[in-house]
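Architecture and fold: a report
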Amino acid sequence: MYQPKLKHRTLVVKAGMSQTSEHHYQRLIEVFERCFKEDHNTVLVAGNDEPYYQPATEEGEPNQVVFAHGFFASALHETAHWCIAGEARRKQFDYGYWYEPDGRNEAQQQSFEQVERKPQALEWLFSLCCGFPFQVSVDNLNGVEVDRQLFTAKVAEQLNHLLEEKTLPPRAAKFAKALCHDFNCSWPSGQVVNS
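The present account deals with the structure reproduced in this document.

What counts as what
- Residues numbered from 1 in each chain as written.
- Predicted model: local features only at pLDDT ≥ 70, side-chain atom pairs only at ≥ 80, totals over all residues.
- Heavy atoms only, no water.
- Axes fitted to C-alpha atoms, helices over the stretch in contact; angles between N-to-C directions.
- Helix = DSSP H or I, 4+ residues; strand = E, 2+ residues; numbered from the N terminus.
- Parallel < 35°, antiparallel > 145°, perpendicular 65-115°, else oblique.
- Left-handed = near helix turned anticlockwise from the far one by under 90°.
- Contact = heavy atoms within 4.5 Å.
- Nonpolar A, V, L, I, M, F, W, Y, C, P; charged D, E, K, R; others polar.
- Phe/Tyr/Trp six-rings, centres within 6.5 Å; stacked < 30°, edge-to-face > 60°.
- Buried < 20%, exposed > 50% of the residue type's maximum accessible area, 1.4 Å probe, protein only.
- Lys NZ or Arg CZ within 6 Å of the ring centre and 35° of its normal.
- Salt bridge = Lys/Arg side-chain N within 4 Å of Asp/Glu carboxyl O.
- Expected span 1.5 Å × (residues − 1).
- Pairing = 2+ DSSP bridges.

Examining the packing of helix 2 (residues 25–40) against helix 6 (residues 170–183)
As a packed pair, helix 2 and helix 6 sit with axes 10 Å apart at the nearest point and diverge in direction by 140 degrees. By the criterion of interaxial angle, the relationship of helix 2 to helix 6 is oblique. In this structure, helix 2 meets helix 6 at a crossing whose hand is right-handed. Between helix 2 and helix 6, the residues in contact are Arg27, Leu28, Val31, Phe32, Arg34, Cys35, Phe36, Asp39 and His40 and Arg171, Lys174, Phe175, Ala178, Leu179, Asp182 and Phe183, respectively. Of the residues that constitute the contact of helix 2 with helix 6, the class distribution is 9 nonpolar, 1 polar and 6 charged.

Some remarks on the packing of aromatic side chains
All chains considered together, the criterion is met by 13 aromatic pairs. Taken together, a centroid distance of 4.8 Å and an interplanar angle of 20 degrees make the contact between tryptophan 124 and phenylalanine 134 stacked. Here the residue tryptophan 124 occupies a position in helix 4 (residues 106–130), and phenylalanine 134 occupies one in the loop between helix 4 and helix 5 (148–164), the gap between them amounting to 10 residues. A relative accessible area of 16% places phenylalanine 134 in the buried class. An aromatic cluster is present here, built from Phe32, Phe36, Trp82, Phe126 and Phe175 joined pairwise through their rings. Across from the ring centre of phenylalanine 183, 3.9 Å away, lies the NZ or CZ of arginine 27, which sits over that ring. One Lys or Arg, arginine 171, reaches over the ring of tryptophan 82 and ends 4.6 Å from the middle of that ring.

With respect to the pattern of salt bridges
Using the criterion set out here, one finds 4 salt bridges in the structure. Between aspartate 182 and arginine 27 there is a salt bridge; the shortest N-O distance is 3.2 Å. Taken as a pair, aspartate 182 in helix 6 and arginine 27 in helix 2 lie far apart in primary sequence, 155 residues in all. Judged by relative accessible area, which is 23%, arginine 27 ranks as partly exposed.

Overview of helix 3 (residues 72–84)
In this model helix 3 runs 19 Å from its N-terminal to its C-terminal C-alpha over 13 residues, within 8% of the 18 Å that 1.5 Å per residue would give. Counting buried residues along helix 3, 12 of its 13 residues qualify, which places the element largely inside the surrounding structure. Residues of helix 3 that are buried include every one of Phe72, Ala73, Ser74, Ala75, Leu76, His77, Glu78, Thr79, Ala80, His81, Trp82 and Cys83, and no others.

Digging into the environment of serine 186
When you line up the elements, serine 186 lands in the segment after helix 6. Overall, the relative accessible area of 62% leaves serine 186 in the exposed class. Note: C-alpha distance between serine 186 and leucine 128 (58 residues apart in sequence) is 8.5 Å.

Side note on the packing of helix 2 against helix 3
To characterise two packed helices, one gives the angle between the axes of the helices and the distance between these axes. Two elements in contact, helix 2 and helix 3, have axes whose closest approach is 10 Å; the angle formed by their N-to-C orientations is 20 degrees. Compared by their axis directions, helix 2 and helix 3 come out roughly parallel. Crossing of helix 2 against helix 3: the hand is left-handed. For the pair helix 2 and helix 3, the contacting residues are Tyr25, Leu28, Phe32, Phe36 and His40 in the first and Phe72, Ala75, Leu76, Thr79 and Trp82 in the second. Classifying every residue of the contact of helix 2 with helix 3 gives 8 nonpolar, 2 polar and no charged.

Topic: the sheet that holds strand 3 (residues 63–67)
Across the sheet, 3 strands lie side by side as 1-3-2; this open sheet has mixed pairing. At either end of the open sheet lies a strand with only one pairing partner, and these are strand 1 (42–46) and strand 2 (52–54). Each strand of the sheet is rotated relative to its neighbour by a mean of 20 degrees, with strand direction disregarded. Pairing of strand 1 with strand 3 involves 5 bridges; the strand directions are parallel. Each residue of the ladder has a partner; that of threonine 42, found in strand 3, is asparagine 63. Against the sheet, helix 2 engages strand 1 and strand 3, with an angle of about 160 degrees to strand 1. With respect to the sheet, helix 3 is in contact with strand 1, strand 2 and strand 3, its orientation differing from that of strand 3 by roughly 140 degrees.

Take a look at the structure:
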């Protein structure tokens, strides 16, 4: 099964979203550390290039969720991937996924969107919990034309399902609640997400 991970999303789609002092990535790093450093030996790191996940290679060293270019949205997105990844995946570089670059055909793009629906739904939740704007990423500027509205609706449907059924992954729920507290935002409930 094709299991892509977003790589160029923050560079292309989110680069125009400015970071205010309220939405500076350092706040996310601090919230993430309070939630997961002790129990999961994992930290969130501002990277200089493409995002990735690096499991600890030496004893005493933390696992690292590295987000792209200090972008707030990239930090939320990479955290969403980490919150979904199971224990075996978290022992592998970049969770053992491979990446199909920009320029995907229709079948590849459909696979990409199927796999990305849940992480982007969690990213949307995290965005709501800290009052930050969210946009889906189709991450395929040089491939087939993509129906962004349809993908947005599918991501919204996924998020509404997670909220209504109370089936958030435990780490995602913990992080989202911590974001609500730190950013003084209300918990999203019911059909709050409309495409």
